[in-house]
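What follows is each chain in one-letter form.
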Amino acid sequence: MNVAASAELDQWRERLQALGFDDDGHRLCGPVQWEHPDRGAVSARIEVAPDNRFPFAPPQVRILETSTPLELTFHIERAEKPGGNGHLCLWEDDWDVAVAPWRDPQQLLHRVAGWLENTAHGWPDDNACDLERYLPPDHGPLVLYDNDELQNLKQVPVRVRDGQTTATVRVTAETRAGSMSDSRRRLARKDQHLAWVEDLGTLEQPVRSWADLENRLGTRAANIAAGISAGLIERLILRYQRGTQSSVLVVRARTSPARGIAVTACESADVSGSTRRMRAGRQARALGDTKVAIVGCGAIGSFAADLLFRSGVHRLTLIDGEVLRPGNVVRHLAGRDQVGLPKVKAVRACLDAIDNTTKVRATSGSVRSLSDAIKLVCEHDVVVDATASARASSVFATAAEIIGGVVVSVCVQREGDVVRVDRFPADEGETYLPGLALIEDGDLPWERGCGSPVSLTPPGAVVAAAELACRVVIDEALSHRTYPASLAEVRRSQPEAPFDQVGWVEGQTERQTVSAPPSKGHEGGNSSTTTPQQLPT
């Protein structure tokens, strides 16, 4: 602890001593006044122990005496010793030390008083679903279950299988009929180590032991205990409600002649699609039916596919005619295990690893003609042109112009110094950024067996381009159109304006100027008259 923190701690202790706390140099013990709902003003005695994390973390606080009958229920750590009280959970971990309230002893005591009053009232409107903290942790595998599959099951044993790795087990919805008291010798392997599914309803106190569970299970407890003793039941899947939130506690039960049944809290996870897609963002649901085609599944296209898929776009069409080479892997979503596969299949395999219940089409080939491009634009809400081909980009831009569909063209230029996205067609009044001339570099390396030199664009620029394209595609899919028709990030300044300063540049949006489509000679980012640096796929 530095000098300033040490001086603050000394002053903090002195202030608590002035409030009636005894100090043995490690812990301070003293009174805290609080309001009991029936008895009015009462006093409790607490222990306050700052450790070497103070003032960045709050001191540990324990209740020594409540002076009135009070059952300590939620928001308290598990006691280190039987019969003792654990530390109170007073604050979340998101406090900046500059405004941390525990640095003021008066605020600390006020917080403890509020904790006692909430406990006396039964923690009204409390939605915390963290029952695992009240039981000893189990160090076995992660327990996976599908809450949608188990939703209609109640008070039944279900089978548990090995997971895809040794670090997981999978709870199934396969129920097991028959007696719960069959002897272990008579049980088939598939009927051992089952999980009992139970609904505990709304909880007014946490589960801290098998005895607590027995009380909650009522008349079913004896039957379940028999199943545990027979080796039939190993885990319990316990649904419960706290406030407006519902959750699941998974416990592992073991028996011993001396201690009877003991339970530990397993780390568990719901694998249902709705839960796995929670982290996709607020717009994921709206994107679920959006149809997006990605043409070119090389470096940028593969990461664009990944970002769009993770964002909720699950109706993807992937088009590319090349296979994944070992050298591609450094700048590609797929890994060495997929080398030799068509790039579209390699990308789809990566997406399937995230969610294999969606509709991703992989087409190994290319879009050869304007009629092919028009058909593709007609069939999709947005087409992403990640071909890094000026000719292909001009075909797609023309197709978008003819039928009014949306094409988002993305590329990197000047070895990743500029990442750029153009949306076709432009609205009236929008213009495109000028093109950047291709700088011939005779020193670029050649990979044996590869028909073009290897671009030295760093992987970070590839991901930045894919992320920018993802933003524009989602913007278009949701009909927001907040991005201009032409947008670029200058990551290193170039000689030509407007790319001569690091930062963002965009096409103009004056309504007096009507942009010409690339097919008519406009110097758009990927038109045939511009020379964006192509990133070999």
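Rules used in this analysis
- Residues numbered from 1 in each chain as written.
- Predicted model: local features only at pLDDT ≥ 70, side-chain atom pairs only at ≥ 80, totals over all residues.
- Heavy atoms only, no water.
- Axes fitted to C-alpha atoms, helices over the stretch in contact; angles between N-to-C directions.
- Helix = DSSP H or I, 4+ residues; strand = E, 2+ residues; numbered from the N terminus.
- Parallel < 35°, antiparallel > 145°, perpendicular 65-115°, else oblique.
- Contact = heavy atoms within 4.5 Å.
- Nonpolar A, V, L, I, M, F, W, Y, C, P; charged D, E, K, R; others polar.
- Patch = residues over 30% accessible without salt bridge, like charges linked within 9 Å, V, L, I, M, F, W, Y side chains within 5 Å.
- Areas by Shrake-Rupley, 256 points an atom, 1.4 Å probe, with all protein chains shown as cover.
- Salt bridge = Lys/Arg side-chain N within 4 Å of Asp/Glu carboxyl O.
- Buried < 20%, exposed > 50% of the residue type's maximum accessible area, 1.4 Å probe, protein only.
- Disulfide = S-S within 2.5 Å.
- Pairing = 2+ DSSP bridges.
- Core = buried A, V, L, I, M, F, W, Y, C linked by side-chain atoms within 4.5 Å.
- Domains from an automatic or database assignment.
- Arc of directions from axis to C-beta.
- Phe/Tyr/Trp six-rings, centres within 6.5 Å; stacked < 30°, edge-to-face > 60°.
- Lys NZ or Arg CZ within 6 Å of the ring centre and 35° of its normal.
- Lys, Arg positive; Asp, Glu negative; His and termini not counted.
- Charge placed at Lys NZ, Arg CZ, Asp CG, Glu CD.

Looking up the chain in an unreviewed UniProt entry gives the name THIF-type NAD/FAD binding fold domain-containing protein, with the organism given as Kocuria turfanensis.

**Q** Any chance you could explain the packing of helix α4 (residues 210-217) against helix α5 (residues 221-229) here in plain terms?
**A** Between two packed helices, the angle of one axis relative to the other and the distance separating the axes together describe the packing. With their axes 8 Å apart at the nearest point, α4 and α5 run at an angle of 135 degrees to one another. Classified by the interaxial angle, the pair formed by α4 and α5 is oblique. Contacts from Trp210, Glu214 and Leu217 in α4 reach Ala221, Ile224, Ala225 and Ile228 in α5. Here the residues of the contact of α4 with α5 sort into six nonpolar, no polar and one charged.

**Q** How should I be thinking about a nonpolar patch on the surface in this particular structure?
**A** A cluster of nonpolar side chains, namely Leu370, Ile402 and Ile403, defines an oily patch on the protein surface of about 240 Å² accessible area. Examined against the element boundaries, isoleucine 403 turns out to sit in helix α11 (residues 390-403). Taking relative accessible area as the criterion, isoleucine 403 reaches 34% and is therefore assigned partly exposed.

**Q** Sorry if this is basic, but what is going on with the pattern of salt bridges here?
**A** Side-chain pairs of opposite charge can arise whenever the charged atoms involved come near each other. Under the criterion given, the structure shown has 33 salt bridges. For arginine 242, the salt bridge goes to aspartate 126, with nearest N and O atoms at 2.2 Å. Within this pair, whereas arginine 242 is found in strand β9 (residues 233-242), its partner aspartate 126 is found in the loop between α2 (105-121) and β5 (142-145), the two being separated by 116 residues in sequence. In terms of burial, arginine 242 and aspartate 126 fall into one category: buried. Across the pair glutamate 149 and arginine 170 runs a salt bridge whose closest N-O atoms are separated by 3.9 Å. Linking glutamate 149 in helix α3 (residues 147-150) with arginine 170 in strand β7 (residues 168-175), this pair joins segments that are 21 residues apart in sequence. For glutamate 149, a relative accessible area of 39% puts it in the partly exposed group. On the basis of relative accessible area, arginine 170 is assigned to the partly exposed category, the value being 25%.

**Q** How do you make sense of the state of the cysteines when you look at a structure like this?
**A** Put plainly, two cysteines are in a disulfide when a covalent bond ties their sulfur atoms together. Counted under the stated rule, the structure contains zero disulfides. Free cysteine: cysteine 129, not disulfide-bonded; nearest cysteine sulfur from cysteine 89 at 15 Å. Residue cysteine 129 is classed as partly exposed on the basis of its relative accessible area of 25%.

**Q** How should the sheet that holds strand β14 (residues 315-320) be read in this particular structure?
**A** One key point about sheets: their strands pair by backbone hydrogen bonds, in either a parallel or an antiparallel sense. With mixed pairing, eight strands are arranged side by side in an open sheet as β15-β14-β13-β16-β17-β18-β19-β20. With one partner strand each, in any of the chains shown, β15 (359-364) and β20 (503-506) form the two edges of the open sheet. Neighbour-to-neighbour, the strand axes of this sheet turn through a mean angle of 15 degrees, independent of strand direction. In terms of strand pairing, strand β16 (residues 382-385) meets strand β17 (residues 407-413) through three bridges, oriented parallel. Residue pairing across strands places aspartate 385 opposite serine 409, the latter belonging to β17. In the packing of helix α10 (residues 370-379) onto the sheet, contacts are made with β13 (291-295), β14, β16 and β17, and the angle to β13 comes to roughly 150 degrees. The sheet contacts of helix α12 (residues 459-477) involve β13, β16, β17, β18 (418-424), β19 (486-490) and β20, and relative to β17 the element is tilted by about 165 degrees.

**Q** What is the right way to read the nonpolar core from this model?
**A** The nonpolar side chains of a soluble globular protein tend to be buried, and buried together. Formed by 56 residues in total, the largest nonpolar core has its most connected members in Ile46, Trp115, Leu116, Trp210, Leu213 and Leu236. Among the elements that take part in this core, α2 stands out by supplying six residues, more than any other. Built from parts of two domains, this core gets at least three residues from each of domain 1 (3-121) and domain 2 (131-178 + 187-271). Once residues within four sequence positions are removed from consideration, leucine 236 is found in contact with Trp196, Trp210, Ile224, Ile228, Leu249, Val250, Val251 and Ala253. One finds Phe303, Ala304, Ala305 and Ile474 within the second-largest nonpolar core, a separate group that totals 39 residues.

**Q** What should I look at first to understand α4 in this one?
**A** Within an α-helix, residues lying three or four positions from one another point in the same direction, as the helix has 3.6 residues per turn. Here α4 has its buried residues at Trp210, Leu213 and Leu217. The buried side chains of α4 occupy one side of the element, clustering within an arc of 55 degrees when seen end-on. Buried-residue contacts for α4 involve β8 (194-202), α5, β9, β10 (245-256) and β11 (260-265). After α4 finishes, the residue glycine 218 shows a positive phi value of roughly 65 degrees.

**Q** I'm lost on the packing of aromatic side chains in this one. Help?
**A** Centre-to-centre distance and the angle between the planes together describe a pair of aromatic rings. With the rule as written, the count across this model stands at five aromatic pairs. Ring geometry for phenylalanine 424 and tyrosine 432: centres 5.0 Å apart, planes at 35 degrees, overall tilted. A relative accessible area of 8% places tyrosine 432 in the buried class. For arginine 242, the ring lying beneath its charged end belongs to phenylalanine 74, and the centroid distance is 3.5 Å.

**Q** How do you make sense of the pairing of strand β2 (residues 28-36) when you look at a structure like this?
**A** One face of the sheet, then the other: side chains in a regular strand alternate in exactly this way. Pairing geometry for strand β1 (residues 22-23) and β2, over two bridges, is antiparallel. Across the sheet, aspartate 23 pairs through a bridge with leucine 28, a residue of β2. Of the strand pairs in this sheet, β2 and strand β3 (residues 40-49) are connected by nine bridges, and their pairing is antiparallel. Across the sheet, proline 31 pairs through a bridge with arginine 45, a residue of β3.

**Q** What is the right way to look at the sheet that holds β11 in this model?
**A** Strands sit in the order β11-β10-β9-β8-β6-β7-β5-β12 across an open sheet of eight strands; the sheet is mixed. At either margin of the open sheet sits one strand with a lone partner, and together these are β11 and β12 (268-270). Here the strands of the sheet are splayed against their neighbours by 35 degrees on average, with no regard to which way each runs. Taken together, the four bridges between strand β6 (residues 156-162) and β7 define a ladder with antiparallel strand orientation. Counterpart to valine 160 in the pairing with β7 is valine 171. Its contacts with the sheet place α4 against β8, β9, β10 and β11, and it is angled at close to 70 degrees to β8. In this fold α5 packs onto β8, β9, β10 and β11, with an angle of close to 145 degrees to the strand it touches most, β9.

**Q** How do you make sense of a positive patch on the surface when you look at a structure like this?
**A** On the surface, Lys291, Arg315, Lys359 and Arg361 cluster together into a positively charged patch. Its location among the elements puts lysine 291 in strand β13.

**Q** I would appreciate a short explanation of unusual backbone geometry in the present structure.
**A** Keep in mind that most residues, glycine aside, have a negative phi and that most peptide bonds are trans. Between phenylalanine 54 and the following residue, proline 55, the backbone shows a cis peptide bond with an omega angle of 10 degrees. Tracing the chain through its elements places proline 55 in the loop between β3 and β4 (60-65). Omega for the bond connecting alanine 497 with proline 498 falls within 30 degrees of zero, at 0 degrees, which places this linkage in the cis form. Its location among the elements puts proline 498 in the loop between β19 and β20. Residue histidine 75 is not a glycine yet carries a positive backbone phi of 60 degrees. Tracing the chain through its elements places histidine 75 in the loop between β4 and α2. Judged by its relative accessible area of 16%, histidine 75 is buried.

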